[in-house]
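What the coordinates show
Below, each chain spelled out in residue letters.
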Amino acid sequence: WTDREVNPEQSAAVLLPGSVFLVACPGSGKTRTLTYKIAYELSHMESDRQFVVAITYTHRAADEIQERIESLGVDTSKLWIGTIHSFCLEWIIKPYGIYLPELARGYRVIDQHEREKLLERLCAPYSGQRISFYDCDYYFASDGYHLGCPQQAKHATLHLILAEYFRILAENRQIDFELILWHACRLIQHNQNISALLSKLFSVVLVDEYQDTKQIQYSIICAILKAGGGGTRLFMVGDPNQAIYGSLGGYPIAAADLRRLAAIPIAERELSLNYRSSERITRYFGNYNVFRTTITA
């Protein structure tokens, strides 16, 4: 690539041979950097038995990045790209779900609409307490599920509703998106051979929008990195100041915590050149720059 395609900060991050924790300010070409990193890794693959894995926040982002890579003329046959839920289904639950009693006899993933309809029905008896399915948001961490509802007075009732919700799902051999993560994490924790196997299959794992990643997702990814002992590299990119899913368990992990979880060396790098805003706007944003990232208009 030329300097007109990728700036020196972006190029340095792409060419760094080890694992990278990349903090990217708004408008700094984060997606472009991720795209070129994937393309670079695919172009330098030495084994036909390994894959480059890229985890994005949405399917739309995955499609956009794959199209960009293909437009560069790079073969994507050794690229797997998608959301964390798709990753867990494809690489952990489908091949290893038989080792969990809840999944051993088969399962069906319910969509958001089915989930809402079931929760609406379960919430109906508690309408007098002004409880609706909107209050029933929850997320899993390694220690179990946590409620997303900020109103503590509703929590006792919400636990009752969710207990019945989980019972019905188990009875019908169904799982929702959050249970995908929970079951994948349990499989990884209880069967260390899974992590070891996956670490041999993946040359590098790339994670986009790390600021909205949940603790359970960090645990799954880091278990694979740790099992690889540095053989599987990490390229994680995002902006901690753009974290918007704290109520659903998402948070920007600190680099030191990431190193501790993954047990591998991870270099810190930064994208500080903002191509989107004037100096006046970036200077004003300094009043709200909680994580004190560098931004140059």
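A short tour of the structure in this document, coming up. (Residues numbered from 1 in each chain as written. Predicted model: local features only at pLDDT ≥ 70, side-chain atom pairs only at ≥ 80, totals over all residues. Heavy atoms only, no water.)

To continue, consider the packing of aromatic side chains. Evaluated as defined, the whole model comprises 20 aromatic pairs. A centroid spacing of 4.9 Å and a plane angle of 90° characterise the contact between Trp91 and Phe202, whose relative ring orientation is edge-to-face. With Trp91 in helix H4 (residues 84-96) and Phe202 in strand E8 (residues 202-207), this residue pair connects regions lying 111 residues apart in the sequence. By relative accessible area, which is 14% here, Trp91 ends up buried. Residues Tyr138 and Phe166 carry aromatic rings whose centres are separated by 5.3 Å and whose planes lie at 90° to one another, so their mutual orientation is edge-to-face. Remark: Phe166 occurs in helix H7 (residues 155-171) and Tyr138 occurs in strand E5 (residues 138-141); sequence separation between them is 28 residues. (Phe/Tyr/Trp six-rings, centres within 6.5 Å; stacked < 30°, edge-to-face > 60°. Helix = DSSP H or I, 4+ residues; strand = E, 2+ residues; numbered from the N terminus. Buried < 20%, exposed > 50% of the residue type's maximum accessible area, 1.4 Å probe, protein only.)

Turning next to the sheet that holds strand E3 (residues 79-82). Ordered in space as E3-E2-E8-E9-E1-E10, the six strands form an open sheet in which the pairing is parallel. At either end of the open sheet lies a strand with only one pairing partner, and these are E3 and strand E10 (266-271). Going from strand to strand, the sheet's axes swing by 15° on average, the running direction of each strand aside. Pairing geometry for strand E2 (residues 51-55) and E8, over five bridges, is parallel. If you follow Val52 over to E8, its bridge partner there is Val204. Each of strand E1 (19-24), E2, E3, E8, strand E9 (233-238) and E10 is contacted by helix H2 (residues 30-43), which is oriented at about 165° to E9, the strand it contacts most. (Pairing = 2+ DSSP bridges. Axes fitted to C-alpha atoms, helices over the stretch in contact; angles between N-to-C directions. Contact = heavy atoms within 4.5 Å.)

Of all hydrophobic cores here, the largest spans 64 residues; its most connected members are Phe21, Phe87, Cys88, Ile92 and Tyr165. With residues near it in sequence (within four places) discarded, Phe21 still touches Tyr210, Met236, Ile253, Ala255, Leu258, Ile266, Ala267, Glu268 and Arg269. Membership of the second largest hydrophobic core comes to 22 residues, among which are Ala13, Val20, Ile65 and Ile81. (Core = buried A, V, L, I, M, F, W, Y, C linked by side-chain atoms within 4.5 Å.)

This brings us to the pattern of salt bridges. In the structure shown here, the tally under the stated rule is 17 salt bridges. For the salt bridge of Asp176 with Arg115, the shortest nitrogen-to-oxygen distance reads 4.0 Å. In this pair, Asp176 sits in the loop between strand E7 (174-175) and helix H8 (177-190) while Arg115 sits in helix H6 (residues 112-123), placing the two residues 61 residues apart along the sequence. Arg283 serves as the salt-bridge partner of Glu279, at 3.8 Å between the closest nitrogen and oxygen. Placement of the pair is Glu279 and Arg283 together in helix H12 (residues 279-285), with a separation of four residues, close to one helical turn. (Salt bridge = Lys/Arg side-chain N within 4 Å of Asp/Glu carboxyl O.)

So yeah, pure geometry; function would need other evidence.
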